[in-house]
Amino acid sequence: MEKMADINLKEVTLIVGVVAVCYWNSLFCGFVFDDVSAILDNKDLHPSTPLKTLFQNDFWGTPMSEVKSEGCTGIRQEREKTFKERSHKSYRPLTVLTFRLNYLFSELTPMSYHLLNMIFHAVVSVIFLKVCRLFLNNQSSMIASLLFAVHPIHTEAVTGVVGRAELLSSIFFLAAFLSYTKSKGPDNSIAWTPIALTVFLVAVATLCKEQGITVVGICCVYEVFIAQGYTLPLLCTTAGQFLRGKGSIPFSMLQTLIKLIVLMFSTLLLVVIRVQVIQSQLPVFTRFDNPAAVSPTPTRQLTFNYLLPVNAWLLLNPSELCCDWTMGTIPLIESFLDVRNLATFIFFCFLGALGVFSLRYPSNSSKTVLMALCLMALPFIPASNLFFPVGFVVAERVLYVPSMGFCILVAHGWQKISNKSVFKKLSWVCLSLVIFTHALKTLHRNWDWESEYTLFMSALKVNKNNAKLWNNVGHALENEKNFERALKYFLQATHVQPDDIGAHMNVGRTYKNLNRTKEAEESYMTAKSLMPQIIPGKKYAARIAPNHLNVYINLANLIRANESRLEEADQLYRQAISMRPDFKQAYISRGELLLKMNKPVKAKEAYLKALELDRNNADLWYNLAIVHIELKEPNDALKNFNHALELNPKHKLALFNSAILMQESGEVRLRPEARKRLLSYINEEPQDANGYFNLGMLAMDDKKDSEAEMWMKKAIKLQADFRSALFNLALLYSQTAKELMALPVLEELLKYYPDHIKGLILKGDILMNQKKDIYGAKKCFEKILEMDPSNVQGKHNLCVVYFEEKDLLKAERCLVETLALAPHEEYIQRHLSIVRDKISSSSFVEQPIFPAGKTSGVEGDKIPTENVKEIKSEPRPTQIIKTNDNKSQSKASKQLGKNIDKEIPHKTTKEIKEIEKKRVAALKRLEEIERILNGE
């Protein structure tokens, strides 16, 4: 073998430049396909998540403690409820750590993620050049590295953000191999430092992606056949002599054995740790993920073996690339007579011939071929389906490392051909053409990853037999609210795969979005009919993806809109729970329904059960708080709101509603915390007028009039017709001797709400006592009585108007009628006596019955907000995430206090005392007026 030559700056610059030219347009792509789950919906990226959580969760942010998976994360067929309950067992914490660093610098800006991927690919290409120098000359090494840099098969790994796992793992994979090549010291001695570094780098590579551990196999092959120069015949001869007792093992071979034992022991240790991490459980995949995995013999074996030449063909001819090869993309091989078996046979013959050549002969060429074959085969084993099933049929990203062996093989073959003068020019022309066309194909392929729509449409051009592709195009259109077009794709998915439960669920959801509830229910019922019957003693998750259980949730959510079918909906929730007792979403949805059915005690039980399954879900604690409010248990409600805020300090609904709860408690000591939470709320929701309004109410409680005015004005600016804000601002002005400023506010209020009785009372009071506009006040009070003839305040104030108009007889009749409405009101009786005295008296003193400002009977009361608890059937959306049939719901959030533009005559103890004081003062003033009227 040629001694490894160092790479120079010119070569590095060329490779980096080529990568930049091929992948510059990837910077303008978004987050698509698996990126949604790994990036957008992954809370492990957020700085608020403890770093240690990265090492407890899988690649998608799901705790590794969840024992089974619901299938490949990329299968996003049912989006109505997005929740992750099962771990995919993909343990790649170091890769997630790099995502977190991206988030730290640019949050969810896709460009930075794509830029880092492009940089990593350039680094891999440069390190690969260094590896190639071990087996090829300088020229051929450069060709292999350039071919690797531009190969279109890498677009999924480089342009797809989740492909970073391949890139990072490859960096440490190659670094570990390069380190091991330095483990042979002088006189065949063992250099332990490179071996220790190799083991460390293998561990790091494995923490980036599982296939990193396969580099140990490559190191073993390198040690035996390259470093020691053994051939298979020589090994067989030596072993035979040793077994017959005719010779001893050479010292150099013993040295090799020691190194291999150390490597294998270290690998075994890593495997044991990895098995412990996944808790000795492999993920469960369904026939939709990988149809061959659940097929009988010989279909399974024939199909899996055929997939090997399919992958080889993608490396050789990457003209038709597809982001998703699951479901019906590659039809199963069910017979030995299938013509595709010929491709399998030819592939294994070619592979066998190369293997024999590389192992039999001691030449440099055979060693190059051997290492190329190892790089192609060993890293591919975990994805081959030959030893254990995986969640895909073919995945282009897993060919990232195997393509290195392919590139070495191509470069070596080109070197052999170009050495012959007759083919030299032709070989250069062909090579240049291949690299140029590959670069163009890569550049063009990158645009497919611009959006989900472009990605899945490009895939449909390659394969129209994959129902998941039709589904995902539908999802992309659905996200754009183009439901009519989305429906066509979802229906096509059901035609391509009639037994695809998820496709029928998607059709049902789209019909629901189009308000075609009858068709939606029919589609959900079709999906439900495809669900397997419960088999006693058999685990449900082993037979079908657990997320298909959402059909019960979605059907129940649809029919519970009909009040007469609530029990039927509850039965569906209970059926889902019976099929899977740890189905958290079923408990959450059932809790919502039970609240709607006015069964808060049972709703509480449902939420407590959900909390047993997930105690770190802030939304569950929030919903439990809502239940306690229904149960008239404000202290328990506040405790649960606080628990939700401990888990998520920015939980908007918990901030808002806990503040309202504190405010309404009437406890002065809670007001500062309520104000703090409302300030946090408006920071999160600056366009929600309710936050400003309630800050204004708090300020009014604290007698901070100018601050209250500021908050009320901000609320009105955001929502011009905010009923409570308009009235309370007017009331604030009237309480602070700014009655004339209150009038335009009341005019605005009555423009939007002409039947606002308290507004009319306040307006009439100001008109009569401040503007001396008796006629205007009379119109206000008469309008009140038109709407509510039994309104005592309006009736009494109209009597006062008659008195002011000096129509004593009319005032007397009016007060008699008012007294009939409120016979126990002493002040009405007293005023009636005064009027009757004046009628019988010959003199009339022009004095008002009430002192100014007290006519209306609203005596400075501000009207607090009404706490309307709004438990919606459809929860508020969150992280997208994007896989289930209730569209973005990993949370069951409900909103309390949204309809706060209503007044409730509810006052705190302190306010009641203040009003009583005012009433006593008013009575004293009345006594003085009576004395004046009586001539005393």
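Residues numbered from 1 in each chain as written. Predicted model: local features only at pLDDT ≥ 70, side-chain atom pairs only at ≥ 80, totals over all residues. Heavy atoms only, no water.

Student: Even after reading the chapter, I still don't get the overall build of the chain, so can you show me in this structure?
Tutor: Counting secondary structure elements, the chain contains 39 helices and 2 strands. Expressed as a percentage of its 936 residues, the buried residues of the chain come to 56%. A total of about 40,000 Å² of accessible surface is found on the chain, and carbon and sulfur atoms cover 60% of it. (Helix = DSSP H or I, 4+ residues; strand = E, 2+ residues; numbered from the N terminus. Buried < 20%, exposed > 50% of the residue type's maximum accessible area, 1.4 Å probe, protein only. Areas by Shrake-Rupley, 256 points an atom, 1.4 Å probe, with all protein chains shown as cover.)

Student: For this particular structure, what's the right way to read the packing of helix H18 (residues 467-479) against helix H19 (residues 483-496)?
Tutor: The axes of two packed helices give the description: the angle between them and the distance between them. The geometry of H18 relative to H19 is characterised by a closest axis approach of 8 Å and an angle of 170° between their N-to-C directions. By the angle between their directions, the pair H18 and H19 is classed as roughly antiparallel. On H19, the residues touching Ala-467, Trp-470, Asn-471, Val-473, Gly-474, His-475, Leu-477 and Glu-478 of H18 are Phe-483, Arg-485, Ala-486, Tyr-489, Phe-490, Gln-492, Ala-493 and Val-496. Broken down by class, the residue content of the contact of H18 with H19 amounts to 10 nonpolar, 4 polar and 2 charged. (Axes fitted to C-alpha atoms, helices over the stretch in contact; angles between N-to-C directions. Parallel < 35°, antiparallel > 145°, perpendicular 65-115°, else oblique. Contact = heavy atoms within 4.5 Å. Nonpolar A, V, L, I, M, F, W, Y, C, P; charged D, E, K, R; others polar.)

Student: Got a minute to help me understand the nonpolar core in this structure?
Tutor: Most often, soluble globular proteins keep nonpolar side chains buried together rather than apart. Within the largest apolar cluster, 245 residues are counted, with the highest numbers of intra-cluster contacts made by Phe-128 and Phe-177. Sort the elements by how many residues they give to this core and helix H9 (residues 215-227) lands first, with 11 residues. If sequence neighbours within four positions are ignored, Phe-128 has contacts with Ala-144, Ser-145, Phe-148, Leu-174, Met-404, Cys-407 and Ile-408. Counting 13 residues, the second largest nonpolar core, distinct from the first, contains Phe-31, Ala-38, Val-161 and Val-162. (Core = buried A, V, L, I, M, F, W, Y, C linked by side-chain atoms within 4.5 Å.)

Student: What should I look at first to understand the side chain of Glu-396 in this one?
Tutor: Topologically, Glu-396 is positioned in the loop between helix H14 (364-377) and helix H15 (402-418). A polar atom in the side chain of Glu-396 sits 2.6 Å from the backbone nitrogen of Cys-322. Setting aside its immediate chain neighbours within four residues, Glu-396 contacts Ile-153, Glu-156, Leu-321, Cys-322, Trp-325 and Arg-445. (Polar contact = N/O pair within 3.5 Å; in protein donor to acceptor, adjacent residues only side chain to side chain.)

Student: Can you walk me through helix H31 (residues 705-718) in this structure?
Tutor: Since the α-helix packs 3.6 residues into each turn, any two residues three or four apart lie on the same face. Along its 14 residues, H31 runs 20 Å from first to last C-alpha, staying within 8% of the 20 Å computed at 1.5 Å per residue. Among the residues of H31, Glu-707, Ala-708, Glu-709, Trp-711, Met-712, Ala-715 and Ile-716 are the ones counted as buried. In this structure, the buried side of H31 is in contact with helix H29 (671-684), helix H30 (689-701), helix H32 (723-735) and helix H33 (739-752). (Expected span 1.5 Å × (residues − 1).)

Student: Sorry if this is basic, but what is going on with the packing of aromatic side chains here?
Tutor: Each aromatic ring pair is characterised by the separation of its centres together with the angle its planes make. In the structure shown here, the tally under the stated rule is 17 aromatic pairs. Look at Phe-59 and Phe-99: their rings are 5.9 Å apart centre to centre, the planes differ by 45°, and that puts the pair in the tilted class. Of this pair, Phe-59 sits in the loop between helix H2 (34-40) and helix H3 (93-106) while Phe-99 sits in helix H3, and the two are 40 residues apart along the sequence. On the numbers, 5.1 Å between centres and 65° between planes, the contact of Phe-148 with Tyr-400 is edge-to-face. With Phe-148 in helix H5 (residues 138-150) and Tyr-400 in the loop between H14 and H15, this residue pair connects regions lying 252 residues apart in the sequence. Classification of Phe-148 as buried rests on a relative accessible area of 0%. Taken together through their ring pairs, the aromatic side chains of Trp-24, Phe-28 and Trp-447 make up a single cluster. Taking NZ or CZ as reference, Arg-92 lies 4.9 Å from the ring centre of Phe-59, over its face. Its guanidinium or amino end placed over the ring of Tyr-753, Arg-723 lies 5.3 Å from that ring's centre, counting from NZ or CZ. (Phe/Tyr/Trp six-rings, centres within 6.5 Å; stacked < 30°, edge-to-face > 60°. Lys NZ or Arg CZ within 6 Å of the ring centre and 35° of its normal.)

Student: Teacher, can you tell me more about the state of the cysteines here?
Tutor: All told, the structure shown has 1 disulfide when counted by the stated rule. Covalently, Cys-799 is tied to Cys-814 through a disulfide, its sulfur atoms 2.0 Å apart. Judged by the sign of its S-S torsion, about -80°, the bond between Cys-799 and Cys-814 is left-handed. Linking Cys-799 in helix H36 (residues 792-804) with Cys-814 in helix H37 (residues 808-821), this pair joins segments that are 15 residues apart in sequence. Given a relative accessible area of 2%, Cys-799 falls into the buried group. (Disulfide = S-S within 2.5 Å.)

Student: For this particular structure, what's the right way to read the packing of helix H35 (residues 774-787) against H36?
Tutor: One way to put it is that H35 packs onto H36 with a least axis distance of 9 Å and a crossing angle of 150°. The angle between the axes of H35 and H36 places the two elements in the roughly antiparallel class. Like other packed secondary-structure pairs, H35 and H36 cross with a definite hand, here left-handed. Contacts between H35 and H36 involve Ile-774, Lys-778, Phe-781, Glu-782, Ile-784 and Leu-785 from the first element and Gly-794, Lys-795, Asn-797, Leu-798, Val-801, Tyr-802 and Glu-804 from the second. Residue classes in the contact of H35 with H36 are distributed as 7 nonpolar, 2 polar and 4 charged. (Left-handed = near helix turned anticlockwise from the far one by under 90°.)

Student: Looking at this structure, I do not really get the confidence of the model for the chain. What am I missing?
Tutor: Detail in the predicted coordinates should be disregarded across regions flagged by low pLDDT. Averaged over every residue, the pLDDT of the chain is 83; the share at 70 or more is 82%. The secondary-structure element of the chain with the lowest mean pLDDT is strand E1 (residues 869-870), recorded at 28, while helix H4 (residues 110-132) shows the highest, at 96. Low pLDDT, under 50, characterises residues 67-85; the stretch is placed with 131 contacts to residues that sit more than four places away or in other chains. Below a pLDDT of 50 lies the segment residues 928-936, which in the model reaches 14 contacts outside its immediate sequence neighbourhood of four places, other chains included. (pLDDT = per-residue confidence, 0-100.)

Student: Even after reading the chapter, I still don't get helix H20 (residues 501-513), so can you show me in this structure?
Tutor: Its 13 residues place the ends of H20 19 Å apart at the C-alpha level, agreeing with the 18 Å of an ideal helix rising 1.5 Å per residue. Buried residues dominate H20, accounting for 12 of its 13 residues. Taken residue by residue, H20 has Ile-501, Gly-502, Ala-503, His-504, Met-505, Asn-506, Val-507, Gly-508, Arg-509, Thr-510, Tyr-511 and Lys-512 as its buried positions. At its buried positions, H20 is contacted by H18, H19, helix H21 (517-529) and helix H22 (550-559). Capping the start of H20, Asp-500 holds a side-chain oxygen 3.2 Å from the backbone nitrogen of Gly-502, two or three residues further along. Positive phi shows up at Asn-515, right after H20, with a value of about 60°.

Student: Before we go on, may I ask you to explain unusual backbone geometry in this structure?
Tutor: Across the junction of Thr-297 and Pro-298, the peptide omega takes the value 0°, indicating a cis bond. Positionally, Pro-298 belongs in the loop between helix H11 (251-277) and helix H12 (299-316). Non-glycine residue Phe-33 carries a positive phi angle of around 55°. Along the polypeptide, Phe-33 turns up in the loop between helix H1 (9-23) and H2. Its identity as a non-glycine residue notwithstanding, Glu-107 has a phi of 50°, on the positive side. The residue Glu-107 is located in the loop between H3 and H4 in this model.

Student: Explanation requested: the environment of Arg-445 in the structure shown.
Tutor: Tracing the chain through its elements places Arg-445 in helix H16 (residues 424-446). C-alpha separation for the pair Arg-445 and Glu-320, spaced 125 residues apart in sequence, amounts to 10.0 Å.

Student: What is the right way to read a nonpolar patch on the surface from this model?
Tutor: The grouping of Trp-24, Phe-28, Met-111 and Trp-447 at the surface amounts to a nonpolar patch, some 420 Å² of accessible area in total. Here Met-111 shows up in helix H4. (Patch = residues over 30% accessible without salt bridge, like charges linked within 9 Å, V, L, I, M, F, W, Y side chains within 5 Å. Salt bridge = Lys/Arg side-chain N within 4 Å of Asp/Glu carboxyl O.)

Student: Which parts of the structure should I look at to understand the pattern of salt bridges?
Tutor: A side chain with one charge can pair with a side chain of the opposite charge if their charged atoms come near. Applying the stated criterion across every chain, the model contains 33 salt bridges. A salt bridge links Asp-570 to Arg-574; its shortest N-O distance comes to 3.3 Å. Taken as a pair, Asp-570 and Arg-574 lie in helix H23 (residues 566-579) at a separation of 4 residues, close to a single helical turn. Relative accessible area serves as the criterion here: at 36%, Arg-574 is assigned to the partly exposed category. What emerges from the salt-bridge pattern is a single network uniting Glu-396, Arg-445 and Asp-448.

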